[in-house]
Amino acid sequence: MKKITVIVVVCLLFIAGALYMRMSGNPSQSVPDQSASDMIVVGFSQVGAESDWRMANTKSMRETFTEARGYKLLFRDAQQKQSNQIEAIREFISQKVNYIILAPVMEEGWDPVLKEAKDAGIPFVIVDRMIKTSDESLYTSWVGSDFRKEGGTAMTWMEKNFASDKDLVIVHLQGSRGSSAQIGRTEGLQAGVSKNLGWKIVVRDSGDFTQVKGKEVMARILKQYDKIDVLYCENDNMAFGAMEAMDEVGRTYGVKGEVTIISFDATHKGLEETLAGKINYNVECNPLHGPRVEQIIQLMENGNTPSKFAYVDEKAFDAASITKEDIDARSY
Ligand code: AHR
């Protein structure tokens, strides 16, 4: 009888021990966290936080790649430096993420790190700006804006509003040099100027897509040029900065002023300034790429091949015809 009692106690202790291990986890043999291991791990190297457009883009990506939706997002802000982006990509590779997403600061210089990702078998998605590569197989897909077309849209508007032979003094505020957004919009302007013989770009400088630098550069330009007909500004934030600089020295701009302003992005604030008649023409650049990138990733998850390139549809807003509804419809 005593022997039977001992056997029963030992069995009960064994069962209780097994149950305890199952519920609390064995420290020497960690039980994988099922929910975490099911998640798709995405490393995203973002350009920075230089503009309202960029903040809206980051928000769109963060809202898409959430844990509740099955993703673990590793987000790295490169502070507008390519070297930081390369470092982040290498970190993603060593962490063996499932996908790498890159919003590239500039077009050139990605091949070595793209090759490292390819060798590690990690699919690479490019978003927003484009890259230049000697081997297109190094990345899976790209989705973003047609920046050259955006510049062309601005030129069509200028041609409608200024005669080709009119002497036009143009100031050109460029974005970050070497980025597709700068290259495309600059090419658009260049093409317009070479067709319309009276138009002259008297000065061209970079404000790096930021409001602070836009203001700084414009303040310098205003000291050198008494007459400016058109400010071609490669994003809204630089336009806001340039407007501040003009306000400070009493130069007028917009529909009722001396300087016609053409801007890009058409952010919420940019459209408010357009409705107020301070920006004459604003060409849209859509930052809501989160769902678009997710669609690419989901295609791959399901064993399909996404298209190599996907351009986003964009429009433009004229101070003469923009409505309050246009602004209300804008989420960024
Ligand atoms: O690449 C998109 C551009 O980058 C936007 O026009 C600008 O605002 C941003 O910083």
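All of the points below concern the structure found in this document. Bear in mind the structure is a predicted one, so any value in this text is a computation, not a measurement. (Residues numbered from 1 in each chain as written. Predicted model: local features only at pLDDT ≥ 70, side-chain atom pairs only at ≥ 80, totals over all residues. Heavy atoms only, no water.)

1. Describing the pattern of salt bridges
Per the counting criterion, the structure on display carries 23 salt bridges. Between Asp-128 and Arg-54 there is a salt bridge, with its nearest N and O atoms 2.9 Å apart. On the criterion of sequence distance, the pair formed by Asp-128 in strand β4 (residues 124-128) and Arg-54 in helix α3 (residues 52-64) is long-range, its members being 74 residues apart. In this structure Asp-128 comes out as buried when scored by relative accessible area, which is 2%. We classify Arg-54 as buried; its relative accessible area is 1%. Linked by salt bridges that have partners in common, Glu-50, Arg-54, Asp-128 and Arg-129 make up one network. (Salt bridge = Lys/Arg side-chain N within 4 Å of Asp/Glu carboxyl O. Helix = DSSP H or I, 4+ residues; strand = E, 2+ residues; numbered from the N terminus. Buried < 20%, exposed > 50% of the residue type's maximum accessible area, 1.4 Å probe, protein only.)

2. Points about the packing of aromatic side chains
Per the counting criterion, the structure on display carries six aromatic pairs. Between Trp-142 and Tyr-311 the ring centres are 5.0 Å apart and the planes differ by 70°, which places this aromatic pair in the edge-to-face class. Pair noted here: Trp-142 is in strand β5 (residues 141-144) and Tyr-311 is in strand β11 (residues 309-311), with a separation of 169 residues, a long-range link. The exposure class of Tyr-311 is exposed, given its relative accessible area of 51%. Ring pairs connect the aromatic residues Trp-142, Phe-309 and Tyr-311, which therefore count as one cluster. One cation-aromatic arrangement involves Lys-269 over Phe-240; the distance from NZ or CZ to the ring centre is 3.9 Å. Its guanidinium or amino end placed over the ring of Tyr-139, Lys-308 lies 4.3 Å from that ring's centre, counting from NZ or CZ. (Phe/Tyr/Trp six-rings, centres within 6.5 Å; stacked < 30°, edge-to-face > 60°. Lys NZ or Arg CZ within 6 Å of the ring centre and 35° of its normal.)

3. Details of the sheet that holds strand β10 (residues 281-284)
The six strands are arranged β7-β6-β8-β9-β10-β12 in an open sheet whose pairing can be described as mixed. Whereas interior strands pair on both sides, the edge strands pair on one side only; in this sheet they are β7 (199-206) and β12 (316-318). Each strand axis lies, on average, 15° off the axis of its neighbour in the sheet, ignoring direction. Two strands pair when backbone bridges link them, and strand β6 (residues 168-174) and β7 are joined in this way by seven bridges, in the parallel orientation. Across the sheet, residue Gln-174 finds its bridge partner in β7, namely Ser-206. On the sheet, helix α7 (residues 180-195) packs against β6, β7, β8 (230-233) and β9 (260-265) and is oriented at approximately 165° with respect to β7. Across the sheet, helix α9 (residues 236-248) lies against β6, β8, β9 and β10, angled at about 150° from β9, the strand it touches most. (Pairing = 2+ DSSP bridges. Axes fitted to C-alpha atoms, helices over the stretch in contact; angles between N-to-C directions. Contact = heavy atoms within 4.5 Å.)

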